[in-house]
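# Coordinate inspection notes
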Amino acid sequence: MQFSSEQTHALTSLLEEELVMARAMYELLEREYEALTDGDPEVITATSKSKLEQLKEMEQHLAQVNRFLLEQGLTADTRGAEQAITMTGPDPEVQSRWDELRSMEIKLQRQN
């Protein structure tokens, strides 16, 4: 089965939103690291609060992604996401976003 153009567009949008959130989280982690290094308690507290808010947004977004995957008859996990990418053709734009997102995931793990 192959995705329609509407499904491919929806997946592209979801991946782009996730990338924006992942980049924002990476910036927060960098600020947190700098604040911890500098020993600035006010910045540490503010950054921690922002990080929690960003995590909540990311969790809400993940719920949207999972709903999309389930609606397509796929599992709500990495395997389901990879199947969705394949079902786009794979569309080069979707594949590029997915590759960037996977790379960002590694950067986030290292930074955290």
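Here goes a summary of the coordinates provided. (Residues numbered from 1 in each chain as written. Predicted model: local features only at pLDDT ≥ 70, side-chain atom pairs only at ≥ 80, totals over all residues. Heavy atoms only, no water.)

You can see Met1 is positioned in the segment before α1 (5–38). Separated by 34 residues in sequence, Met1 and Ala35 place their C-alpha atoms 49 Å apart. The residues touching Met1, leaving out its near neighbours within four places in the chain, are Gln72 and Met87. (Helix = DSSP H or I, 4+ residues; strand = E, 2+ residues; numbered from the N terminus. Contact = heavy atoms within 4.5 Å.)

Here α1 is 34 residues long and its end C-alpha atoms lie 49 Å apart, about the 50 Å a rise of 1.5 Å per residue gives. Gly39 sits one or two positions beyond α1 and adopts a positive phi of about 70°. (Expected span 1.5 Å × (residues − 1).)

For the structure shown, the criterion picks out 1 aromatic pair. On the numbers, 6.0 Å between centres and 85° between planes, the contact of Phe3 with Phe68 is edge-to-face. With Phe3 in the segment before α1 and Phe68 in helix α2 (residues 41–71), this pair connects stretches of sequence that are 65 residues apart. Both residues of the pair, Phe3 and Phe68, belong to the buried class. Of note, Lys107 hangs over the ring of Tyr26, and the distance from its end group to the ring centre comes to 4.8 Å. (Phe/Tyr/Trp six-rings, centres within 6.5 Å; stacked < 30°, edge-to-face > 60°. Buried < 20%, exposed > 50% of the residue type's maximum accessible area, 1.4 Å probe, protein only. Lys NZ or Arg CZ within 6 Å of the ring centre and 35° of its normal.)

Attention shifts here to a negative patch on the surface. Taken together, the side chains of Glu27, Glu30, Glu34, Asp38, Asp40 and Glu42 present a region of like negative charge at the surface. Of all the elements, α1 adds the most residues to the negative patch, at 4 residues. Exposure remark for Asp40: the relative accessible area of 31% places this residue in the partly exposed category. (Patch = residues over 30% accessible without salt bridge, like charges linked within 9 Å, V, L, I, M, F, W, Y side chains within 5 Å. Areas by Shrake-Rupley, 256 points an atom, 1.4 Å probe, with all protein chains shown as cover. Salt bridge = Lys/Arg side-chain N within 4 Å of Asp/Glu carboxyl O. Lys, Arg positive; Asp, Glu negative; His and termini not counted. Charge placed at Lys NZ, Arg CZ, Asp CG, Glu CD.)

Considering only enclosed or pocket space, the largest pocket measures out at about 630 Å³ in volume. In terms of lining residues, the largest pocket is bounded by 27 residues, among which Glu18, Met58, Leu62, Leu101 and Glu105 are the most central. Of all elements in the fold, only α1, α2, α3 (78–87) and α4 (92–111) reach the threshold of two or more residues within the lining of the largest pocket. Per element, the largest residue contribution to the lining of the largest pocket is 9 residues, and it comes from α2. (1 Å grid on protein atoms, 1.4 Å probe; cavity = no way out; pocket = protein on both sides within 12 Å on 5 of 7 lines; lining within 4 Å. Points joined across faces, edges and corners; volume = space filled by probe spheres on them.)

Another point: the side chain of Gln7. Assignment of secondary structure puts Gln7 in helix α1. Engagement of the side chain of Gln7 in a polar contact is seen with the backbone nitrogen of Ser4, the distance being 2.7 Å. In contact with Gln7, not counting residues within four places along its chain, are Gln2, Phe68 and Gln72. (Polar contact = N/O pair within 3.5 Å; in protein donor to acceptor, adjacent residues only side chain to side chain.)

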